[in-house]
Amino acid sequence: MLHTLASSKETMKKFLALPAIAVASIFLSSCSGSTEAEPTGAPGSSESVEFETPPALEAPMEFEAEPSELTVDSDLFAMVGMTAGKVNLGVHSKPDQELLGALKKADPDANWTFVELTIDNREGSEEAFNHEIRAYDAAGQEYGYVRPIDLLDPLREKLSETQFSHELYEKLWEKYDTEAHPGAVKKFVMITGDETPEELKRVTISFGGMVGEADAMTIEDAKSQGLPTDF
């Protein structure tokens, strides 16, 4: 652009200098006794000078793609820093029968659902774990998914020793009290007693206080942004 403008300025200087050249030519011709004047074009040429205006440059228009709609069957992805996770709330994993039995004793009417959250902490710098998943519908109703160990203390408070023994409590705690250390990829169990609707407005995945949480997007949207989904 700067070169084009510089070239135009030089051309304009030549253009503005033409009348002076013409006057000088007439003066010299009169001194030699000739009454004919040189053409007012470029020296030695009878053609007129023409200039073309360069076309205006327009910045390309940028469009931001609309995010895909979320459903309970969407393959979801979320990332905080270098820690990522993915889950499908519509794909139910095989329940832990001992834990499920205790849950049904505590709340027989609840429809307990187990799902699997995979956390990729290969590039992370802090321990990450399956802290919480929150889903919301268009009306703002919240549907929560928690860790199995978050249910153990309420179960012990509600059930008797014969219904939920201390040995079973310790066994389940040791089984589910885990995290993904920096460098690890690990699968975690999440549990809900809520009936999650088909259409969702927002889903948030939390990887624990040292990592944080993020809104989830579909795997397709994550791939289109070049995010790491291969885990």
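Going by the structure above, here's the rest.
Per-chain numbering applies: the sequence of each chain, read as written, is numbered from 1 onward. The model is predicted, so local features are restricted to residues of pLDDT at least 70 and side-chain atom pairs to those at 80 or more, both for listing and for counting; the totals for chains, interfaces and linings are taken over all residues. Calculation of side-chain values draws on the structure's entire complement of heavy atoms; hydrogens and water are dropped beforehand.

> Tell me what's going on with helix H3 (residues 149–158), and back it up with residues and numbers.
Listing the buried residues of H3 in full gives Ile-149, Leu-151, Leu-152 and Leu-155. Down the axis of H3, the buried set is contained in an arc of 130°. They therefore lie on one face. In H3, the exposed positions angled more than 90 degrees off the buried face are occupied by Glu-157 and Lys-158. What makes two residues a contact is simply this: any of their non-hydrogen atoms within 4.5 Å. Only DSSP runs of H or I with at least four residues qualify as helices, and only runs of E with at least two residues qualify as strands; both kinds are numbered from the N terminus onward. Considering only its buried residues, H3 is in contact with helix H2 (97–106), strand S6 (142–146), helix H4 (166–176) and strand S7 (185–192). The classification of residues rests on relative accessible area computed with a 1.4 Å probe and restricted to protein chains. Under 20% of the type maximum is buried, over 50% is exposed, and intermediate values are partly exposed. Here, the arc refers to the directions that run from the helix axis to the C-beta atoms.

> Can you tell me about a negative patch on the surface, naming the residues and giving the values?
Think of a patch as exposed residues, more than 30% relative accessible area, with no salt bridge, where like charges cluster within 9 Å and nonpolar side chains (Val, Leu, Ile, Met, Phe, Trp, Tyr) cluster within 5 Å. Here, Shrake-Rupley sampling with a 1.4 Å probe gives the accessible areas, and only protein chains in the shown set may cover a residue. By definition, a salt bridge exists where a carboxyl oxygen of Asp or Glu is found within 4 Å of a side-chain nitrogen of Lys or Arg. Asp and Glu are treated as the negative residues and Lys and Arg as the positive ones, with His and the ends of the chain left uncounted. Throughout, a charge is located at the NZ atom of Lys, the CZ atom of Arg, the CG atom of Asp or the CD atom of Glu. The grouping of Glu-69, Asp-73, Glu-198 and Glu-199 at the surface amounts to a negative patch. Within the fold, Glu-69 resides in the loop between helix H1 (2–31) and strand S1 (70–71).

> Give a description of the pattern of salt bridges that names residues and reports values.
The tally for this structure, following the rule as stated, stands at nine salt bridges. Close ionic contact of Asp-96 with Lys-175 constitutes a salt bridge, the shortest N to O distance being 2.7 Å. Here the residue Asp-96 occupies a position in the loop between strand S3 (83–92) and H2, and Lys-175 occupies one in helix H4, the gap between them amounting to 79 residues. Of the charged contacts in the structure, one is a salt bridge between Asp-120 and Arg-122, with a shortest N-O distance of 2.8 Å. Salt bridges linked by common partners bring Glu-132, Arg-134 and Glu-213 together as one network.

> An account of the environment of Ala-216 is requested, with residue identities and associated values reported.
Looking at where Ala-216 falls in the secondary structure, it is placed in the loop between strand S10 (213–215) and strand S11 (217–218). Since its relative accessible area comes to 11%, Ala-216 is described here as buried. The spatial distance from the C-alpha of Ala-216 to the C-alpha of Val-87 is 9.3 Å, given a sequence separation of 129 residues. Setting aside its immediate chain neighbours within four residues, Ala-216 contacts Leu-70, Leu-76, Phe-77, Ala-78, Val-203 and Ile-205.

> Tell me what's going on with H2, and back it up with residues and numbers.
Within H2 the residues assigned to the buried category are Leu-99, Leu-100, Ala-102, Leu-103 and Ala-106. Take H2 and look down its axis: the buried residues cluster within an arc of 160°, on one side only. Along its buried surface, H2 packs onto strand S4 (113–120), H3, H4 and S7. Within 3.5 Å is the distance limit for a polar contact, defined as a pair of N or O atoms, with the added protein rule that one can donate a hydrogen and the other accept it, and that residues adjacent in sequence qualify only through two side-chain atoms. In this structure Asp-96 caps H2, since a side-chain oxygen of it lies 3.0 Å from the backbone nitrogen of Glu-98.

> How would you explain the packing of H3 against H4 if you had to name every residue and give the values?
To obtain each axis, a line is fitted to C-alpha atoms, and for helices this fit is confined to the stretch in contact; angles are then taken between N-to-C directions over 0 to 180 degrees. The N-to-C vectors of H3 and H4 enclose an angle of 165°; their axes lie 9 Å apart at closest approach. The orientation of H3 relative to H4 falls into the category roughly antiparallel. For the crossing formed where H3 meets H4, the hand is left-handed. Counting all contacts with H3, which are made through Ile-149, Leu-152, Asp-153 and Arg-156, the residues of H4 involved are His-166, Tyr-169, Leu-172, Trp-173 and Tyr-176. Oblique is the label for any angle not covered by the other classes, which are roughly parallel (under 35 degrees), roughly antiparallel (over 145) and roughly perpendicular (65 to 115). Rotating anticlockwise by less than a right angle from the far helix to the near helix defines a left-handed crossing, while the corresponding clockwise rotation defines a right-handed one.

> Which residues make up the nonpolar core, and what values do they have?
Core analysis: the largest hydrophobic core is formed by 25 residues, its most contacted members being Val-87, Leu-89, Ile-119, Ile-133, Val-203, Ile-205 and Phe-207. Going through the elements one at a time, strand S2 (76–80), S3, S4, strand S5 (132–136), S6, S7 and strand S9 (202–206) are the ones with two or more residues in this core. When residues no more than four places from it in sequence are discounted, the contact partners of Phe-207 are Ala-78, Val-80, Thr-83, Ala-84, Gly-85, Ile-119, Glu-127, Ala-128, Phe-129, His-131 and Gly-212. Counting 19 residues, the second largest nonpolar core, distinct from the first, contains Trp-112, Phe-114, Leu-168 and Tyr-169. To form a nonpolar core, buried Ala, Val, Leu, Ile, Met, Phe, Trp, Tyr and Cys residues must be joined to one another through side-chain atoms within 4.5 Å.

> Can you lay out the side chain of Asp-137 for me, pointing to particular residues and giving the numbers?
Here Asp-137 lies in the loop between S5 and S6. An unpaired buried charge is present at Asp-137: no salt bridge exists, and Lys-201, the closest side chain of opposite charge, is 10 Å distant. At 3.0 Å, the side chain of Asp-137 forms a polar contact with the backbone nitrogen of Ala-139. Only 2.8 Å separates the side chain of Asp-137 from the backbone nitrogen of Gln-141, close enough to count as a polar contact. Apart from the residues lying within four places of it in its own chain, the contact partners of Asp-137 are Tyr-143, Pro-197, Glu-199 and Lys-201.

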